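Now for the letters of each chain:
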Amino acid sequence: MNPLILDGRKVAQTVKDELKGQIDELQSKGITPKLATVLVGDDEASKTYVQMKANTCHKLCMASERVFLPEETTTEELLDVIQRLNEDPEVHGILLQHPVPSHIDERQAFDAISLDKDVDGVTSHGFGATTFQLGAYPCCTPAAILQVIDYYGLDVEGKHAVVIGRSPILGKPVSMMLLNRNATVTICHSKTENLPEVVKQADIVVAAVGRPKFVKGDWLKEGAIVLDAGYNPGNIGDADYDTCYAKSSAITPVPGGIGPVTISMLLKHTVEAAQKQCKVS
Ligand SMILES: Nc1nc2c(c(=O)[nH]1)N[C@@H](CN(C=O)c1ccc(C(=O)N[C@@H](CCC(=O)O)C(=O)O)cc1)CN2
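Note that this is a predicted model, so its numbers are computed, not measured. (Residues numbered from 1 in each chain as written. Predicted model: local features only at pLDDT ≥ 70, side-chain atom pairs only at ≥ 80, totals over all residues.)

## Side note on the site of the ligand
So, step 1. Every one of the 21 residues lining the ligand counts as a neighbour, but Tyr49, His98, Tyr231, Pro255 and Gly259 are closest to it.
So, step 2. Elements with a contribution of two residues or more to the shell around the ligand: helix H2 (44–59), strand S4 (93–96), helix H6 (140–151) and helix H10 (258–277).
So, step 3. A total of four residues in the shell around the ligand trace back to one element, the largest contributor, which is H10.
So, step 4. Along the lines of polarity and charge, the residues of the shell around the ligand split into 11 nonpolar, nine polar and one charged. (Near = placed C-beta within 6 Å. Helix = DSSP H or I, 4+ residues; strand = E, 2+ residues; numbered from the N terminus. Nonpolar A, V, L, I, M, F, W, Y, C, P; charged D, E, K, R; others polar.)

## Here's the deal with the sheet that holds strand S2 (residues 34–40)
So, step 1. The strand order across the open sheet formed by three strands is S3-S2-S4, and the pairing between neighbours is parallel. The sheet is open, and its two borders are formed by strand S3 (63–69) and S4, each paired with just one other strand. On average, each strand axis in the sheet is inclined to that of its neighbour by 15 degrees, with strand direction left out of account.
So, step 2. Where S2 meets S4, four bridges bridge the pair, whose relative direction is parallel. Looking at S4, one finds that Thr37 is bridged to Leu95.
So, step 3. Along the sheet, helix H3 (residues 75–87) makes contact with S2, S3 and S4, crossing S2 at roughly 175 degrees. (Pairing = 2+ DSSP bridges. Axes fitted to C-alpha atoms, helices over the stretch in contact; angles between N-to-C directions. Contact = placed C-beta atoms within 7 Å.)

## Observations regarding the nonpolar core
So, step 1. In this structure, Val163, Ile204, Val205, Val206, Ala207 and Leu227 are the most contacted members of the largest nonpolar core, which totals 78 residues.
So, step 2. With nine residues, H10 is the largest single contributor of residues to this core.
So, step 3. Split by domain, the residues of this core number at least three in each of domain 1 (32–116) and domain 2 (140–260).
So, step 4. Not counting chain neighbours up to four residues away, the residues in contact with Val205 comprise Val162, Val199, Val215, Leu220, Ala224, Val226 and Leu227. (Core = buried A, V, L, I, M, F, W, Y, C linked by C-beta atoms within 7 Å. Buried ≥ 20, exposed ≤ 12 C-beta atoms within 10 Å, placed from the backbone. Domains from an automatic or database assignment.)

## A look at the pairing of S3
So, step 1. Looking at chain direction, S2 and S3 are connected through seven bridges and run parallel. Along S3, the bridge assignment pairs Leu35 with Ser64.
So, step 2. In this view, the connection linking S2 to its parallel neighbour S3 by way of H2 has right-handed handedness. (Right-handed = clockwise from strand over helix to strand, strands pointing away.)

Below is the structure:
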């Protein structure tokens with residue numbers, strides 16, 4: 001039987017439709033939820049992603065501020081920009097686009113974002129609070145994966161989820177979030193031995209490795225669910241779609257899967273941040 005195609009554009013639209021009423025309510029009180037994005041350097045894909053975020057804000061009548069900093073920006077200069085945004089009462093959410101140039105201390109920069117404006121869930125504090133379910137905003141791609149799971153009513157409890165990748169904004173947080181949903185979670189990475197054999201045991205595979213078409217269909221157990229969080233150049237996912245399609249019971253495409261939901265979750269968190277900061281429930 002053909003797998004269920006998990007349509008991220010449809011899920012994203014549902015999230016955005018739900019936001020409209022909340023944005024209208026804020027605006028009736030003179031508040032426009034505002035997201036600030038910070039991009040350091042000239043990476044073309046990153047430019048596209050911050051543009052997509054600004055466009056989506058615009059479509060939802062939210063405000064956005066885009067800060068572009070040159071490649072040679074120092075960590076200290078970036079920290080000053082983040083501090084300015086932390087102190088700006090009109091900015092409700094801050095997103096520092098990953099990756100930053102290698103001479104910048106990305107962890108220090110992420111951690112400079114104040115927790116109440118960390119709508120991208122990238123601070124160490126946010127990660128800890130997400131892990132312990134203390135109400136922080138989770139990272140947006142992991143939140144998108146959970147949103148797709150919930151939209152389609154996929155069963156997670158007691159299932160074996162194999163997460164391939166351990167990055168701070170994807171593999172690690174999604175593993176904690178699946179664990180919090182009572183999945184049995186295995187985290188795989190570049191040093192994992194016999195990766196195809198580990199993946200073979202998975203009911204749910206999260207491909208978050210950053211390598212195009214890395215996960216092959218013959219690694220999968222028949223009927224596994226494939227959630228592809230890859231965003232490689234050319235809009236190619238981390239799963240080899242055609243071979244995984246043939247083995248899975250449900251699969252996210254790239255494009256049109258987790259990516260669009262990621263942006264809608266960012267805006268959802270920004271609206272929630274505006275509600276909290278302005279004390280509007
Ligand atoms: N600070 C962050 N940096 C990065 C994140 C993040 O969540 N926070 N994620 C990725 C890139 N990313 C958002 O920043 C992102 C990538 C891809 C998509 C997306 O919707 N892709 C589309 C295809 C692209 C297109 O339509 O042109 C899709 O999959 O359908 C959204 C967000 C790295 N950095």
